[in-house]
Amino acid sequence: MHASAAPKIVVEPSAGALGATVGGVDLEHLTDEVFHEIKQALLDHLVIFISGQEHISPEAHIAFGDRLGRVEPHSHLQRLDGHPKIVVIDSEHGGKVDVWHTDITYNQHPPLASVLRLVRVPSRGGDTMWSNQYLAYEQLSAPIRELLDGLSAVHSQPGNETTRRAEHPVVRIHPETGRKALYVNRLFTSHIPQLSRGESDALLEYLFAFAERPELTCRHQWRIGDIAVWDNRVTQHYALNDYHERRVGQRVTVFEDEPQGDPARWPTYRPAPGQRYWPSRVNAREQY
């Protein structure tokens, strides 16, 4: 009598734009076959939610991230005692980021994915939202897409005297799917260097609002034992600040990626003599 095949994971889309719940998974004892199914679900749905992982050890949390790439901690965040590759996101210690963003785009090699586990949740509120940046690009008109394909954007770390800075394509090409996605975000994108600062501010504000529209999003209501995994290359996320009780998460961040896209088709904009710039955006801090 032949042994029955191991059950496959169960993937259920959770919204129309992106997101899926994944069942039948034990990350503490993860086989190669199940990992590859999880990875495909991530590529298909951009963010996945794996429930029932209350028992997962820090070692298994890190090991799962290492299968996706290379786990490194955020240098400025608290780390889990004894496990420096796991950062602790605590609402009572600066762990609230209620603005749409893609993680650490001010690095030349920003993270490709994050694996977040909540270990303490408020009785109500504290959901997280994600936005599909494939759709944000694909739903723009053809002339705007053509313009954006020839632009780059400067990303900088706000509120830091030793600001880190990187320049990436405004539209990046996913290295595994080949699809194009919008790659600017409200928190970290400073300006488009091929445009005047006023033009850059106006275009970026339009793109931010376009990418954050509700119809491009999904929303997850956390329960203890949930793990969210998202593709940082093609999503933005937003943590709702609508709660007063403590909220604590543990996250591993996966690196080994550099955004690629079409090269910029124009040189850096050169202002006319005496031209001045008064920033209208919080992170548009660089003068001419």
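Residues numbered from 1 in each chain as written. Predicted model: local features only at pLDDT ≥ 70, side-chain atom pairs only at ≥ 80, totals over all residues. Heavy atoms only, no water.

**Brief notes about the packing of aromatic side chains**
Now for step 1: In the structure shown here, the tally under the stated rule is six aromatic pairs.
Now for step 2: Here the aromatic rings of W100 and Y238 are separated by 5.5 Å at their centres, their planes lie at 45°, and the arrangement is tilted. Of this pair, W100 sits in the loop between β6 (83–90) and β7 (113–120) while Y238 sits in strand β16 (residues 235–239), placing them 138 residues apart in sequence.
Now for step 3: Since its relative accessible area comes to 23%, Y238 is described here as partly exposed.
Now for step 4: With a centroid separation of 5.0 Å and 80° between ring planes, the pair formed by Y106 and F188 is classed as edge-to-face. Of this pair, Y106 sits in the loop between β6 and β7 while F188 is found in the loop between β12 (180–182) and β13 (189–191), placing the two residues 82 residues apart along the sequence.
Now for step 5: An aromatic cluster of three or more residues is present, and its members are F49, W130 and W230.
Now for step 6: The ring of Y243 carries the charged tip of K96 above its face, separated from the ring centre by 4.6 Å.
Now for step 7: Over the ring of Y134 we find R179; its NZ or CZ atom is 3.9 Å from the centre of that ring. (Phe/Tyr/Trp six-rings, centres within 6.5 Å; stacked < 30°, edge-to-face > 60°. Helix = DSSP H or I, 4+ residues; strand = E, 2+ residues; numbered from the N terminus. Buried < 20%, exposed > 50% of the residue type's maximum accessible area, 1.4 Å probe, protein only. Lys NZ or Arg CZ within 6 Å of the ring centre and 35° of its normal.)

**A look at the nonpolar core**
Now for step 1: Counting residues in hydrophobic clusters, the biggest one holds 26 residues, and the most contacted among them are V25, L27, I38, I48, F64, L68 and V229.
Now for step 2: Sorting the residues of this core by element identifies α1 (32–45), β3 (47–50), α2 (58–68), β7, β15 (227–231) and β17 (248–255) as the ones contributing at least two each.
Now for step 3: Residues contacting L68, with those up to four places away along its chain left out, are F35, K39, L42, L112, A113, V115, V229 and V254. (Core = buried A, V, L, I, M, F, W, Y, C linked by side-chain atoms within 4.5 Å. Contact = heavy atoms within 4.5 Å.)

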